[in-house]
Amino acid sequence: EMTREKERGLGMAFLFFVFFLCNRNRLKASREVESVDLPHCHLIKGIEAGSEDIDILPNGLAFFSVGLKFPGLHSFAPDKPGGILMMDLKEEKPRARELRISRGFDLASFNPHGISTFIDNDDTVYLFVVNHPEFKNTVEIFKFEEAENSLLHLKTVKHELLPSVNDITAVGPAHFYATNDHYFSDPFLKYLETYLNLHWANVVYYSPNEVKVVAEGFDSANGINISPDDKYIYVADILAHEIHVLEKHTNMNLTQLKVLELDTLVDNLSIDPSSGDIWVGCHPNGQKLFVYDPNNPPSSEVLRIQNILSEKPTVTTVYANNGSVLQGSSVASVYDGKLLIGTLYHRALYCEL
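A quick note: this is a predicted structure, and the numbers were derived from the prediction, not measured.

Asker: Quick rundown of the overall build of the chain? Include the residues and the values.
Answerer: The helix and strand tally for the chain stands at three helices and 25 strands. Computed over its C-alpha atoms, the radius of gyration of the chain comes to 19 Å, within 12% of the 20 Å expected for a compact globule of 353 residues. For the C-alpha atoms alone, the extent of the chain along its principal axes is close to 55 × 45 × 45 Å. The buried share of the chain, reckoned over its 353 residues, is 56%. For the chain, long-range pairs separated by at least 24 residues make up 54% of all intrachain contacts whose partners lie at least 6 apart in sequence. Surface exposure of the chain reaches about 16,000 Å², of which carbon and sulfur atoms provide 50%. In the chain, the 30 positive side-chain charges and the 47 negative ones have mean positions that sit 3 Å from each other.

What follows is the structure in C-alpha cells.
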C-alpha cells in the first residue's frame, strides 16, 4: 500500500512539474506587478490563514469564508478548521468576529470556499457555503440568526453534477448557480484535466426539483455572481484570464453574451449593488500562488470593471501589491466607500476608498 502511495505521489509531482513547464502562460508565470497603493488600509485582525470569499449584505454585514485548505495548496494554519467570520461595516471601527454554528454541524471538517447570501421575501437571510469536508464537495445552506450572531445549519447539498464546486451565487432559499472548476473530483485526474487543457469546467443550476448544466467549455470556472437586476450571470475563468457575461432566462438556462479578456488570473467577482460595477480579486502570477516561496510570495491585484455590457468596458486597477502586504488576493468587495480584500491563504485588508 505504501509503495503505491509513493508511486502516486511521484506521479503527482512529475505531472505538477510538467504542468508548470507547459502552462507558464496560463499561470502568467513571469508576470510581476507594479504597486498601486490605497492610502487608508489596514490588515484585519484575526484573519491569518485566508479569507477566500467575502459577501456583504445591504445592511453592511460582511461575511468572510476563512481557512480554506486544498491538497498542494499552502496553508498558514493546516490543523485549524475553517469558519465564517462577520464584520459590521457600519461600525466606527469594524472588527471581525467568528459566527457560532448550530449544533449537529461537523465543525472539525468545515473547509469553506465560495459563499453567497440570499434574502427571502420575509427578510430571512440565508448563507450558502461551498464546503470541502475531507476534500469532498458539498454546498451548505445556513440561516443567519442576527440576534444570536450565529448560523443555523438547514441543509447539505451533494449532487453528481457538483463534483468540484468552487463558488456559488444564490437565487432562492435553496436555489443557486455553482461553478465547477474541474470536471473530476479526484486530485490526480484534476491535474491531468488541467494539464491537457480539456475545458470541461462548467456552471450548474441547482434547485430542489431540478439540477442541470447551464454553461460549459470553461478552462477553470471560478468566481460567479449575478447583476443587480438579476438579468446576467458573470463567471470568472481563472486560467483563461476571462470574465464571461451570460444572459439568464426564466427557465434558469444561460446563454453567453460576451467575454471580457484580462491579463491576470481572475478569481472571485463581487458586485457593487449601487453601480453594478464588478470588483475582481486577481492573481497576477499563478505560479507563485501554487508554488509558495516566502521570499517571493504571490502578489495581489484588485480590478474594478465598469459598464461590462458596453462595447468598451472600463477596467481600472484599484489596488496592487507585490506580496509585501497582501499575498494572493482572491476577492474584493465594496460597501459604502469601504473595500474589503480577501486572500486564498493569507491575510485580509480593510480600506476606505
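Asker: Any details on the packing of aromatic side chains? Residues and values, ideally.
Answerer: The geometry of an aromatic ring pair is captured by the separation of the ring centres together with the interplanar angle, meaning the angle of the planes. Scanning the entire structure with this criterion turns up 13 aromatic pairs. Joined through ring pairs, the aromatic side chains of Phe-76, Tyr-292 and Tyr-345 make up one cluster.

Asker: Which residues make up empty space enclosed by the protein, and what values go with them?
Answerer: Taken as a whole and judged by the stated rule, the model has one cavity of 30 Å³ or more. Empty space within the largest cavity amounts to approximately 40 Å³. Along the walls of the largest cavity sit Asp-181, His-182, Glu-193, Thr-194, Leu-198, His-199, Trp-200, Asp-219, Ser-220 and Leu-239, which together make up its complete lining. Counted by class, the lining of the largest cavity contains three nonpolar, four polar and three charged residues.

Asker: Describe the state of the cysteines, with residues and values.
Answerer: Within the structure shown, the criterion is met by one disulfide. Between the sulfur atoms of Cys-41 and its disulfide mate Cys-351 the distance is 2.1 Å. A torsion of 110° about the S-S bond marks the disulfide between Cys-41 and Cys-351 as right-handed. One end of the pair, Cys-41, is in strand β1 (residues 40–43); the other, Cys-351, is in strand β25 (residues 349–352), and 310 residues separate them in sequence. Overall, the relative accessible area of 0% leaves Cys-351 in the buried class. Summary of cysteine pairing: Cys-282 is not part of a disulfide, and the nearest cysteine sulfur, belonging to Cys-351, is at 15 Å.

Asker: Just give me the short version of the UniProt feature "binding site: Ca(2+)" (unreviewed entry) in the chain, but keep the residues and values in it.
Answerer: The positions UniProt marks with the feature "binding site: Ca(2+)" (unreviewed entry) are Glu-52, Asp-53, Ile-115, Asn-166, Asp-167, Asn-222, Asp-267 and Asn-268. Spanning 217 residues, the annotated positions come together in the fold, the maximum distance between their C-alpha atoms being 13.1 Å. In the annotated set above, the residues contributing to the lining of the largest pocket are Glu-52, Asn-166, Asn-222 and Asp-267. Note on placement: Glu-52 falls in strand β2 (residues 51–56).

Asker: Tell me about the environment of His-283, residues and numbers included.
Answerer: By the secondary structure assignment, His-283 is in strand β20 (residues 278–283). It is 22 Å that separates the C-alpha atoms of His-283 and Glu-352, two residues lying 69 residues apart in sequence. For His-283, the contacting residues outside a window of four places in its chain are Ile-238, Thr-264, Leu-265, Asp-267, Leu-289, Gly-328, Ser-329 and Ser-330.

Asker: Account for the layout of surface pockets, naming residues and giving values.
Answerer: Estimated volume of the largest pocket: approximately 810 Å³. Of all the secondary structure elements, the ones that give two or more residues to the lining of the largest pocket are α1 (2–22), α2 (187–195), β19 (265–271) and α3 (286–290). The element that contributes the greatest number of residues to the lining of the largest pocket is α2, accounting for four residues. When the residues that make up the lining of the largest pocket are grouped by side-chain class, the tally is 19 nonpolar, twelve polar and seven charged.

Asker: Account for α2, naming residues and giving values.
Answerer: Regarding α2, the residues found buried are Lys-190, Glu-193 and Thr-194. For α2, the angular spread of the buried residues around the axis is 95°, confining them to a single face. Where α2 begins, the capping side chain belongs to Asp-186, and its oxygen is found 2.9 Å from the backbone nitrogen of Phe-188. One or two steps after α2, the chain reaches Asn-197, where phi turns positive at roughly 55°.

Asker: Please set out the pattern of salt bridges residue by residue, giving values where relevant.
Answerer: Following the criterion strictly, the structure yields nine salt bridges and no others. A salt bridge links Lys-288 to Glu-32; the shortest N-O distance between them is 3.0 Å. Here the residue Lys-288 occupies a position in helix α3, and Glu-32 occupies one in the loop between α1 and β1, the gap between them amounting to 256 residues. Across the pair Lys-212 and Glu-210 runs a salt bridge, and its minimum N-O distance is 3.4 Å. For Lys-212, a relative accessible area of 16% translates into the label buried.

Asker: Provide a residue-level description of the sheet that holds strand β15 (residues 221–226), including the pertinent values.
Answerer: With antiparallel pairing, four strands are arranged side by side in an open sheet as β15-β16-β17-β18. Of all the strands in the sheet, just β15 and β18 (254–261) have a single pairing partner and so form its edges. Each strand of the sheet is rotated relative to its neighbour by a mean of 25°, with strand direction disregarded. Note that β15 and strand β16 (residues 232–237) share four bridges and pair antiparallel.

Cut-offs used in this document
Residues numbered from 1 in each chain as written. Predicted model: local features only at pLDDT ≥ 70, side-chain atom pairs only at ≥ 80, totals over all residues. Heavy atoms only, no water. Helix = DSSP H or I, 4+ residues; strand = E, 2+ residues; numbered from the N terminus. Rg over C-alpha atoms; globule rule 2.2 N^0.38 Å. Buried < 20%, exposed > 50% of the residue type's maximum accessible area, 1.4 Å probe, protein only. Contact = heavy atoms within 4.5 Å. Areas by Shrake-Rupley, 256 points an atom, 1.4 Å probe, with all protein chains shown as cover. Lys, Arg positive; Asp, Glu negative; His and termini not counted. Charge placed at Lys NZ, Arg CZ, Asp CG, Glu CD. Phe/Tyr/Trp six-rings, centres within 6.5 Å; stacked < 30°, edge-to-face > 60°. 1 Å grid on protein atoms, 1.4 Å probe; cavity = no way out; pocket = protein on both sides within 12 Å on 5 of 7 lines; lining within 4 Å. Points joined across faces, edges and corners; volume = space filled by probe spheres on them. Nonpolar A, V, L, I, M, F, W, Y, C, P; charged D, E, K, R; others polar. Disulfide = S-S within 2.5 Å. UniProt positions renumbered as here; feature names shortened; annotations may be inferred. Arc of directions from axis to C-beta. Polar contact = N/O pair within 3.5 Å; in protein donor to acceptor, adjacent residues only side chain to side chain. Salt bridge = Lys/Arg side-chain N within 4 Å of Asp/Glu carboxyl O. Pairing = 2+ DSSP bridges. Axes fitted to C-alpha atoms, helices over the stretch in contact; angles between N-to-C directions.

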